[in-house]
Amino acid sequence: MKKIEIVGVAGAGAMGRGIVQIAAQAGLTVRLFDLQPQAVAAARDNLSSTWTTLAAKGKITEDQAQAALANVQPAASLSDFADCDLVIEAIIERLDVKQKFFKELEAVVAGDCLLASNTSSLSITAIAAACTHPERVVGYHFFNPVPLMKVVEVIDGLKSDPAAGDALMDLSVRMGHTAVRCKDMPGFIVNHAGRGMGTEGFRIAQEGVASFATIDSIMREQAGFKMGPFELMDLTGLDVSHAVMESIYRQFFDEPRFKPSPLGTVRVAGGIYGRKTQGGFYAYSEGQKQSPIEPPAPALQGVPKVWISHAHEQGHALAVSLLRGLGATLQMGSKPDADCLLIVTPYGQDVSTAVAEQGLDPQRTVGLDTFNGFDTTRRRTLMVSPATSEKWRTMAHALLGSDNVRVSVIQDSAGFVAQRILAMIVNIACDIAQQDIATPEDIDLAVSLGLGYPKGPLALGDALGAAKVLEVLRNIYRVTGDPRYRPSLWLQRRVQLGMSLLQPSATVA
């Protein structure tokens, strides 16, 4: 296997600097090149300050800080890469520029030097097409900030020598990163799998179901994520996130699962990117997000009489347990009395569909999200139809918030909010596995480290119940007729066979 000791890095921006930092700290000799010589000097000064700070905090020793800095050597031109074992490109995201650069590199480096691109969205096969020896070109996609984001994608182009990818997998461990392997497909693993959260969040907001802040609150406090979709896009920058959405959608030939939202288009056109512009889905003051004030639930008047639909037995059981704890008077018969609040607990349906199918009074009926595994001790989601009257909505809100747990009241939505987003996250990951882009294990590893989800998407699907996720998708598809919700065959077959979503397919000789 190729032994790597001297690494060239082209591009002195944030990504290039981060790659230089972890490589130099690992004891590698690093040559840093940029078309702007002053950028190289500035990057080296920045790294020196970083290592001084790390030493002051006791993260590394003074000797280690000095040794790392000594490992960083400015490169005046590409010819200084002549003795490199590996060159990592971290320049502008334009295919023509990258192809030209790699072609120029081949005229300089040794015949066994590996060439890697840190591209986040361009095809490795396309980049390598300009090279005389495409077999040594591999994708090596780090995430920003590189020293803190401990995952890197190693991408094999169609003509990449597997040994080249093997060498980068080993190098990643030496630099303190976890490497995952994938085929050359749009979005690779992380940016591909990440479409479920943002695109579905946008779709929910576009339908007028709930505000950006409400969607985020539900995903944080009920589904257990660190951030909701709009908080995350404000952090990464909508200019970046929306461009990735559009790119992946087009590269997959307008696959409905990845369809972007015009809400994003308008905001990008207006320069409303998030934290970097001091305003996005939220306002920011001195870098701190300004969340809208959430009013308390209405005061509960008396003891409500409640009937809970039996149409979904698991949802019914969870709702009964919750409402008994809140002190409601439950009518347990199969048909409700005329003075009851009616609660449905659909998985993937909206209240309107539940009312129509079950023959319920539309004015008195509300929906309660009781999906398996959701936390109802921090937040509950109450859904109303266009026909729900104010009296019954207020009663339901007061009852569900009577123990001071926050309640999000949303408009009718097939799959509420969290059900929809989580089902899409799981379904897209299932399709990545179905397409054999990466192993199930690497999909979960990449997403949990790269996106900070509470679990990898396949493990999340298993924890929620793969059959329940499939039920949600099928019902949303039935209600909306939108092909974006069609279940992946990976999910469908594993539910039919009683298999874990993380279990690979049997090998075929």
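Treat the numbers as computed from the prediction; the structure is a model and nothing was measured.

Peer 1: Tell me about the sheet that holds strand 8 (residues 178-183), residues and numbers included.
Peer 2: Strand order in the open sheet made by the 8 strands is 3-2-1-4-5-6-7-8, with mixed pairing throughout. Edge positions in the sheet fall to strand 3 (72-74) and strand 8, since each of these pairs with one other strand and no more. For this sheet, the mean inter-axis angle between neighbouring strands, taken without regard to orientation, is 25 degrees. Strand direction decides the pairing type here: strand 7 (residues 151-156) and strand 8, joined by 6 bridges, are parallel. Bridge pairing links Glu153 to Val180 in strand 8. Those strands touched by helix 1 (residues 14-25) are strand 1 (6-10), strand 2 (29-33), strand 3, strand 4 (86-89) and strand 6 (137-142), and its axis lies near 165 degrees from that of strand 2. Sheet strands in contact with helix 4 (residues 95-106) are strand 1, strand 4, strand 5 (114-117) and strand 6, and its direction is about 165 degrees off that of strand 5.

Peer 1: Can you lay out empty space enclosed by the protein for me, pointing to particular residues and giving the numbers?
Peer 2: Summed over the entire model, instances satisfying the criterion amount to 1 cavity of 30 Å³ or more. If you add up the space inside the largest cavity, you get close to 30 Å³. Taken together, Ser120, Ser121, Pro186, Gly187, Asn191, Val244, Ser247, Ile248 and Gln251 make up the lining of the largest cavity. Split into classes, the residues belonging to the lining of the largest cavity amount to 3 nonpolar, 6 polar and no charged.

Peer 1: Let's hear about the layout of surface pockets: which residues, and what values?
Peer 2: By volume, the largest pocket amounts to about 1,300 Å³. For the largest pocket, the lining is made up of 42 residues, of which Phe143, Asn144, Asn191, Thr236 and Val240 are closest to its centre. For the lining of the largest pocket, the secondary structure elements donating two or more residues are strand 6, helix 7 (190-193), helix 8 (195-206), helix 10 (229-236), helix 11 (238-251) and helix 17 (440-451). Residue contributions to the lining of the largest pocket peak at 7 residues, all from helix 11. Partitioned by chemical class, the residues of the lining of the largest pocket number 22 nonpolar, 14 polar and 6 charged. What the second largest pocket holds in volume is close to 490 Å³. Taken together, 26 residues form the lining of the second largest pocket, with Glu294, Pro295, Arg379, Arg406 and Val407 sitting closest to its centre. If you list the elements that add at least two residues to the lining of the second largest pocket, you get helix 9 (212-221) and strand 16 (406-410).

Peer 1: Any chance you could break down the UniProt feature "domain: 3-hydroxyacyl-CoA dehydrogenase NAD binding" (unreviewed entry) in the protein chain for me, citing the residues and the numbers?
Peer 2: The positions UniProt marks with the feature "domain: 3-hydroxyacyl-CoA dehydrogenase NAD binding" (unreviewed entry) are residues 7-184. The span residues 7-184 is 40% helix and 21% strand, and its two end C-alpha atoms sit 23 Å from each other.

Peer 1: Residue-level account of the sheet that holds strand 13 (residues 341-344), with values.
Peer 2: With mixed pairing, the 6 strands of this open sheet are ordered in space as 12-11-13-14-15-16. What marks the edges here is a single partner per strand, and that holds for strand 12 (329-331) and strand 16. On average, adjacent strands in this sheet sit at an angle of 35 degrees to one another, irrespective of strand direction. As paired elements, strand 13 and strand 14 (residues 365-368) share 3 bridges and run parallel to each other. Counted as the bridge partner of Ile343 is Val366 from strand 14. Sheet strands in contact with helix 13 (residues 313-325) are strand 11 (305-308), strand 12, strand 13, strand 14 and strand 15 (379-384), and its direction is about 165 degrees off that of strand 11. Contacts between helix 15 (residues 390-400) and the sheet are confined to strand 11, strand 13, strand 14, strand 15 and strand 16, with strand 15 contributing the most and set at about 170 degrees to the helix.

Peer 1: Talk me through the packing of aromatic side chains; I want residue IDs and the actual numbers.
Peer 2: Enumeration over the complete set of coordinates arrives at 12 aromatic pairs. Judged by centre distance (4.8 Å) and plane angle (65 degrees), the rings of Phe212 and Phe281 are edge-to-face. Of this pair, Phe212 sits in helix 9 while Phe281 sits in the loop between helix 12 (262-269) and strand 9 (283-285), and the two are 69 residues apart along the sequence. The class for Phe281 is buried, based on a relative accessible area of 10%. Every member of this aromatic cluster is reached through a ring pair, and the members are Phe202, Phe212, Phe230 and Phe281. Against the face of Trp490 rests Arg494, its NZ or CZ located 3.4 Å from the ring centre.

Peer 1: Requested: an account of the pairing of strand 5, with residues and values cited.
Peer 2: A two-sided burial pattern is seen for strand 5, the buried positions comprising Leu114 and Ala116 on one face and Leu115 and Ser117 on the other. Examined bridge by bridge, strand 4 and strand 5 share 4 bridges and lie parallel to one another. Within strand 5, the residue paired with Val87 across the bridge is Leu115. In this fold, strand 4 hands off to helix 4, which returns the chain to strand 5; that crossover is right-handed. Both strand 5 and strand 6 contribute to a ladder of 3 bridges, which runs parallel. Residue pairing for strand 6: Leu115 is matched across the bridge by Val137.

Peer 1: Break down the nonpolar core for me, citing the residues and quoting the values.
Peer 2: Counting 102 residues, the largest nonpolar core has Phe81, Phe225 and Leu422 as its most contacted members. Looking at which element gives the most residues to this core, the answer is helix 16 (residues 418-434), with 12 residues. Among residues more than four places away in sequence, those in contact with Leu422 are Met219, Ala223, Phe225, Phe374, Leu460 and Leu464. In this structure, Ala90, Val138, Val154 and Leu168 belong to the second largest nonpolar core, which totals 39 residues.

Parameters at a glance
Residues numbered from 1 in each chain as written. Predicted model: local features only at pLDDT ≥ 70, side-chain atom pairs only at ≥ 80, totals over all residues. Heavy atoms only, no water. Pairing = 2+ DSSP bridges. Helix = DSSP H or I, 4+ residues; strand = E, 2+ residues; numbered from the N terminus. Axes fitted to C-alpha atoms, helices over the stretch in contact; angles between N-to-C directions. Contact = heavy atoms within 4.5 Å. 1 Å grid on protein atoms, 1.4 Å probe; cavity = no way out; pocket = protein on both sides within 12 Å on 5 of 7 lines; lining within 4 Å. Points joined across faces, edges and corners; volume = space filled by probe spheres on them. Nonpolar A, V, L, I, M, F, W, Y, C, P; charged D, E, K, R; others polar. UniProt positions renumbered as here; feature names shortened; annotations may be inferred. Phe/Tyr/Trp six-rings, centres within 6.5 Å; stacked < 30°, edge-to-face > 60°. Buried < 20%, exposed > 50% of the residue type's maximum accessible area, 1.4 Å probe, protein only. Lys NZ or Arg CZ within 6 Å of the ring centre and 35° of its normal. Right-handed = clockwise from strand over helix to strand, strands pointing away. Core = buried A, V, L, I, M, F, W, Y, C linked by side-chain atoms within 4.5 Å.

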